[in-house]
Amino acid sequence: KRLRPMLLVLSARACGRDKLDLSVYQAAAATELIHMATLIHDDVVDEAATRRGLPTAFALFGKSASVLSGDVMLAKAMDLLARTGSVEVIRAISGAVVAMAEGEVREIETRGDFDLAKSEHFDILRLKTAEFMAACCETGAILAGASEAERRALATYGLHVGMAFQIIDDVLDYAGNPAATGKPQGTDFIEGCATLPLILLRERSNQDQRENLARLFGGARYECDAISTVVRLMRSAGVLDEAERAARAHVTDAVSALRALPENGARQFLEEVTELILARKS
Ligand code: FPP
Ligand code: MG
């Protein structure tokens, strides 16, 4: 989808710059390289077999080669960021990379916690996904020479888009079609990773139902019916729709933030992208 570079370039255009410097495209390429590096590392952490419908680097080449190729991508991204000549861009993106690593560590530390607090879960989403999208949008603004207000508006837009994106990702983990997502269904439940659909289901369940869910959570690898049972419960409790409404609320905040920018085609496109994020199936 190349969502992050697209957000970066559109953010630069939305600040009223039609003719963009090469530095915008260098930074945009860097964000996709960083994104790929984090996914390669994430698949090592999760020991994942499939990504985008294909075997992961971890499955094909093992742990060491995967970690090192992720490192190479990260180094190449740093080289591209240095070429932009902007210390502010390097600081914004490296801050987001640190946040992603913290988000990943907090997700690992809380794995298996069926009672994970909603606030902690939202913190993890912000760190692991949303801050990076915020930094991509802010980078576009910095390289377009935008005002402080435009820069803040685009960072806020990116933060809410990132939250919406990750909430939909977590809904698709339960309710998506693996042929479209390119990932197996129910991985978060099997790995003991409590995301919004499960947290909402837990809140709607009685004591017995909660105990049953907690027993299956994080250990269902060999209970092939567990995921379809959980998804059925989620559908009848309406929590998948409720999670989608939470994503929509972030999109509303994202779109409001855009009001600080001049009206132009790129701003319009940034607005429309949010609908694609809500409707996405892959
Ligand atoms: C995918 O989330 C993973 C992330 C968004 C962040 C991963 C971050 C790291 C591995 C640490 C930082 C790494 C580098 C190279 C600096 P997910 O597991 O919810 O999505 P998935 O279902 O697609 O795996
Ligand atoms: Mg993962």
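Residues numbered from 1 in each chain as written. Chains lettered and ligands numbered in written order. Predicted model: local features only at pLDDT ≥ 70, side-chain atom pairs only at ≥ 80, totals over all residues. Heavy atoms only, no water.

(A) Region of interest: the packing of helix H6 (residues 148–175) against helix H13 (residues 265–279). Running from N to C, H6 and H13 cross one another at 15 degrees; their axes reach a closest spacing of 9 Å. The orientation of H6 relative to H13 falls into the category roughly parallel. For the crossing formed where H6 meets H13, the hand is left-handed. Where H6 abuts H13, its residues Leu154, Tyr157, Val161, Ala164, Phe165 and Ile168 lie against Leu270, Val273, Thr274, Ile277 and Leu278. Along the lines of polarity and charge, the residues of the contact of H6 with H13 split into 10 nonpolar, 1 polar and no charged. (Axes fitted to C-alpha atoms, helices over the stretch in contact; angles between N-to-C directions. Helix = DSSP H or I, 4+ residues; strand = E, 2+ residues; numbered from the N terminus. Parallel < 35°, antiparallel > 145°, perpendicular 65-115°, else oblique. Left-handed = near helix turned anticlockwise from the far one by under 90°. Contact = heavy atoms within 4.5 Å. Nonpolar A, V, L, I, M, F, W, Y, C, P; charged D, E, K, R; others polar.)

(B) Structural detail: the state of the cysteines. Scanning the entire structure with this criterion turns up 0 disulfides. Summary of cysteine pairing: Cys15 is not part of a disulfide, and the nearest cysteine sulfur, belonging to Cys137, is at 9.9 Å. (Disulfide = S-S within 2.5 Å.)

(C) Representation of the coordination of the magnesium ion (ligand 2). Coordination of the magnesium ion (ligand 2) by the protein comes from Asp42 (OD) and Asp46 (OD), over a distance range of 2.2 to 2.4 Å. With Asp42 and Asp46 both in helix H2 (residues 22–46), this residue pair falls 4 residues apart, about one helical turn. Each of the two residues, Asp42 as well as Asp46, counts as buried. (Donors = N, O, S within 2.8 Å, 3.2 Å for Na, K, Ca; no water. Buried < 20%, exposed > 50% of the residue type's maximum accessible area, 1.4 Å probe, protein only.)

(D) The site of ligand 1, seen in detail. Around ligand 1 sit 16 residues, and of these His41, Asp42, Arg51, Lys128 and Lys183 come closest. Take Asp42: an N or O atom from its side chain is 2.9 Å from an oxygen atom of ligand 1. In isolation ligand 1 exposes 630 Å². Once the protein is present, 88% of that is buried. Elements represented by at least two residues in the shell around ligand 1 include exactly H2, helix H4 (87–109), helix H5 (118–143) and H6. (Near = heavy atom within 4 Å. Polar contact = N/O pair within 3.5 Å; in protein donor to acceptor, adjacent residues only side chain to side chain. Areas by Shrake-Rupley, 256 points an atom, 1.4 Å probe, with all protein chains shown as cover.)

(E) Inspection of the nonpolar core at higher detail. Counting 46 residues, the largest nonpolar core has Leu7, Leu154, Tyr157 and Leu270 as its most contacted members. Secondary structure elements with two or more residues in this core: helix H1 (3–14), H2, helix H3 (57–84), H4, H5, H6, helix H12 (239–257) and H13. Once you skip the residues sitting within four places of it in the chain, Leu270 turns out to touch Leu7, Leu10, Ser11, Ala14, Leu154, Tyr157 and Leu258. Listed in part, the 32 residues of the second largest apolar core include Ala130, Ala194, Leu196 and Met234. (Core = buried A, V, L, I, M, F, W, Y, C linked by side-chain atoms within 4.5 Å.)

(F) Just the pattern of salt bridges, in detail. For the structure shown, the criterion picks out 20 salt bridges. In this structure, the salt-bridge partner of Arg248 is Glu275, at a minimum N-O distance of 3.2 Å. Placement of the pair is Arg248 in helix H12 and Glu275 in helix H13, with a sequence separation of 27 residues. Take Arg248: its relative accessible area is 41%, and that puts it in the partly exposed class. Connected via shared salt-bridge partners are Glu102, Arg106, Glu120, Asp123, Arg126 and Glu131. (Salt bridge = Lys/Arg side-chain N within 4 Å of Asp/Glu carboxyl O.)

(G) Region of the structure containing the side chain of Gln166. With respect to the helices and strands, the residue Gln166 is situated in helix H6. Its relative accessible area of 7% is what places Gln166 among the buried residues. Once you skip the residues sitting within four places of it in the chain, Gln166 turns out to touch Leu125, Lys128 and Thr129.

(H) Seen up close, H2. Under the 1.5 Å per step criterion, the end-to-end length of H2 is 36 Å for 25 residues, consistent within 8% with the ideal 36 Å. Taken across its 25 residues, H2 has 18 buried, putting it largely inside the fold. (Expected span 1.5 Å × (residues − 1).)

(I) Examining the packing of aromatic side chains more closely. All told, the structure shown has 2 aromatic pairs when counted by the stated rule. Here Phe189 and Phe217 contribute two aromatic rings whose centre-to-centre distance is 5.5 Å and whose plane-to-plane angle is 70 degrees, an arrangement assigned as edge-to-face. With a gap of 28 residues between them, Phe189 in helix H8 (residues 187–190) and Phe217 in the loop between helix H10 (207–216) and helix H11 (224–237) connect regions that are remote in the sequence. With respect to class, Phe189 is no different from Phe217; both count as buried. Chaining the aromatic ring pairs together yields one cluster made of Phe114, Phe189 and Phe217. Taking the ring centre of Phe165 as reference, the NZ or CZ of Arg4 above it sits at 5.6 Å. (Phe/Tyr/Trp six-rings, centres within 6.5 Å; stacked < 30°, edge-to-face > 60°. Lys NZ or Arg CZ within 6 Å of the ring centre and 35° of its normal.)

(J) Region of the structure containing the environment of Gly85. With respect to the helices and strands, the residue Gly85 is situated in the loop between H3 and H4. Judged by its relative accessible area of 61%, Gly85 is exposed. Distance from Gly85 to Ser23, taken between C-alpha atoms, is 8.0 Å for residues 62 residues apart in sequence.

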